[in-house]
Amino acid sequence: MTRKRYAFVLALALLLNGCGQSGQQQKGMPIDSLSVEDVADSIDSKGTTSDTTCQDTTSAKTIEQLPFSKDSIQIQSRGGNPNDCKLLVPPIKVKGIYITGAMAGTQNMKNLVELVTSTEMNAIVLDIKNDGGNVTYKIEYEDAKEIGACIRYVKDMPALLKDLHEKGIYVIGRIVCFKDPILAKKRPELALVKADGSPVSDGKGNPWVNPFKKGVWEYICGLAEQATQDGFDEIQFDYVRFPIGTDANQANYGVDLTTYSREQGLTDFFAYVEKRLHAKGIIFGADLFGTVIGSTTDRDRTGQDYIKIASMTDNICPMIYPSHYANKTFGLDVPDAHPYTCIKKALELSKEQLSRDSLPKAKVRAWLQCFSAPWVKGHINYGSAQIKQQIQGVYDAGYDEWILWNASNHYGQVKGALAMSKAPEEGEKEEKETLTIKGDTTASEDKEHASDTISKKE
């Protein structure tokens, strides 16, 4: 099904289910439980992608087997008021992996696709705009073209998305929001600056844009709208938070934070996104720090209110990597050394937080750790056993969706993990070498995504 036809079907679904201006109560299947996103895949036993091209085999999954149709899109009201935010329930239970735009433009993409189609996985999270502010293809969006953000990693994104759909793969587009060096440099009025006018940047000197600026929101939504026209099935916002660190503490947001808090800023952002994207039937979600679940300290610093954002988005993807958590969290000496218990406890806390009222909440898809974290004292290597343990932790916490993260897309132990009939006991050693991290670049990128974190313990 082409993206345009899919968008039309979604719009028709909205109309048929009373999501227009009639003010009727929304129809839709009740959400009995929250879910956590499923992801995992591997290429070879050494944890690296192969340069050889996989044979293009016909997968058992077909587009007809995946419910990409109006009949499977559930629409719910958040409350009794017809003007309340709506909830679009994605048509599948996602199990997938993250892929960079740069990787998608290489021959190795065939290996990753074959991995997904040959396992229980059904989804890919693919970069639309990455951490550097680069749009990963020549998107037909004037604002992105004007600032020179487009890089042709993927020569023909609509064609790639069409091919993935034909193979039965659901494609989620990742858009990094407020960490955007290109937008900050090309449109300085949107940049986040200090009192002296110098840019606020991360540890690598990359400037951020101001999360309070509506011009930033418009740019992000414009990308999302065009990307879904090009074939992406839904949108996932990452770095949808305020920066942290010494430099960020000197930021001049142009507002009085005592009266207009970071949490309110993100609430207003998501209200804008929900109104704009849902008007076009676009499903969207957000990546959040796992440590904001139940933490007022981390919530206040990042602006990420877990419960509030879950009431304004279609799905939330908490980054509950065991390496994220400080020692003694959840009563664990080193959470990174207890992948099953850490994931299970984090998601049990999620369920407790989100069940405080009966209103429909976003689906929960957990980002799981597919890398080793040598920067963590007491860490263990992550291989097939540790991946399987995390996935089992998701299921045992009552969720059913997950996604795996590896910054360099090295998923060498995933196939072995998915082939295991049950999760091994924590501490049990594998016969094969565990997943390795190749090179400083991979390690630093995974560390930035996984431990660019906030408070260690409340």
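A quick note: this is a predicted structure, and the numbers were derived from the prediction, not measured.

(A) Inspection of the pattern of salt bridges at higher detail. For the structure shown, the criterion picks out 24 salt bridges. Here aspartate 131 and arginine 174 are joined by a salt bridge, their closest N and O atoms 3.0 Å apart. Of this pair, aspartate 131 sits in the loop between strand E4 (123–129) and helix H4 (142–146) while arginine 174 sits in strand E5 (residues 170–176), placing them 43 residues apart in sequence. On the basis of relative accessible area, arginine 174 is assigned to the buried category, the value being 0%. A single salt-bridge network, built from bridges that share partners, covers Asp127, Asp131, Arg174 and Asp238.

(B) View of the nonpolar core. In terms of nonpolar packing, the biggest core is built from 123 residues, with Phe178 and Phe237 touching the most fellow members. For this core, the element with the highest residue contribution is helix H7 (residues 214–230), accounting for eight residues. The contacts of phenylalanine 178, once residues within four sequence positions are left out, are Trp208, Val209, Pro211, Val216, Trp217, Ile220, Tyr239, Val240, Arg241, Leu266 and Phe269.

(C) Highlighting helix H11 (residues 339–354). If you check H11, its first and last C-alpha atoms are 23 Å apart, about what 16 residues at 1.5 Å a residue would give, namely 22 Å. Buried residues along H11 sit in contact with helix H10 (306–310), strand E10 (315–319), strand E11 (363–364), strand E12 (366–369) and helix H12 (384–396).

(D) Representation of the packing of aromatic side chains within the structure. Evaluated as defined, the whole model comprises 18 aromatic pairs. With a centroid separation of 5.6 Å and 80 degrees between ring planes, the pair formed by tryptophan 367 and tryptophan 405 is classed as edge-to-face. With tryptophan 367 in strand E12 and tryptophan 405 in strand E13 (residues 402–405), this residue pair connects regions lying 38 residues apart in the sequence. Across the pair, exposure class does not vary: tryptophan 367 and tryptophan 405 are buried alike. Among the aromatic residues, ring-to-ring pairing joins Phe178, Trp217, Phe237, Phe269, Phe270, Tyr272 and Phe284 into one connected group. When the ring centre of phenylalanine 242 is taken as reference, the NZ or CZ atom of arginine 262 above it lies at 5.9 Å. It is lysine 351 that lies over the ring of tyrosine 399; its NZ or CZ is 5.1 Å from the centre.

(E) View of the environment of tyrosine 141. The residue tyrosine 141 is located in the loop between E4 and H4 in this model. Placed 78 residues apart in sequence, tyrosine 141 and tyrosine 219 show a C-alpha to C-alpha distance of 9.5 Å. Discounting residues that sit within four places of it in the chain, tyrosine 141 has contacts with Glu218, Tyr219, Gly222, Leu223 and Gln226.

(F) Inspection of the pairing of E10 at higher detail. Taking burial as the measure, the five residues of E10 include five buried ones, the bulk of the element. Here E10 shows a buried face lined by Asn315, Cys317 and Met319 and a second buried face lined by Ile316 and Pro318. Here strand E9 (residues 284–289) pairs with E10 via five bridges, running parallel. What sits directly across from alanine 286, in E10, is isoleucine 316. One ladder, built from two bridges, connects E10 with E11; its direction is parallel. From the neighbouring strand, asparagine 315 faces E11, where its bridge partner is lysine 363.

(G) Summary view of the confidence of the model for the chain. Of all residues in the chain, 77% have pLDDT values of 70 or greater, and the mean over the chain is 82. Across residues 1–67, confidence stays below pLDDT 50; counting only partners more than four residues off in sequence or on other chains, it has 199 contacts. Counted against residues more than four places away or in other chains, residues 430–442, with its pLDDT under 50, gives 34 contacts.

About the cut-offs
- Residues numbered from 1 in each chain as written.
- Predicted model: local features only at pLDDT ≥ 70, side-chain atom pairs only at ≥ 80, totals over all residues.
- Heavy atoms only, no water.
- Salt bridge = Lys/Arg side-chain N within 4 Å of Asp/Glu carboxyl O.
- Helix = DSSP H or I, 4+ residues; strand = E, 2+ residues; numbered from the N terminus.
- Buried < 20%, exposed > 50% of the residue type's maximum accessible area, 1.4 Å probe, protein only.
- Core = buried A, V, L, I, M, F, W, Y, C linked by side-chain atoms within 4.5 Å.
- Contact = heavy atoms within 4.5 Å.
- Expected span 1.5 Å × (residues − 1).
- Phe/Tyr/Trp six-rings, centres within 6.5 Å; stacked < 30°, edge-to-face > 60°.
- Lys NZ or Arg CZ within 6 Å of the ring centre and 35° of its normal.
- Pairing = 2+ DSSP bridges.
- pLDDT = per-residue confidence, 0-100.

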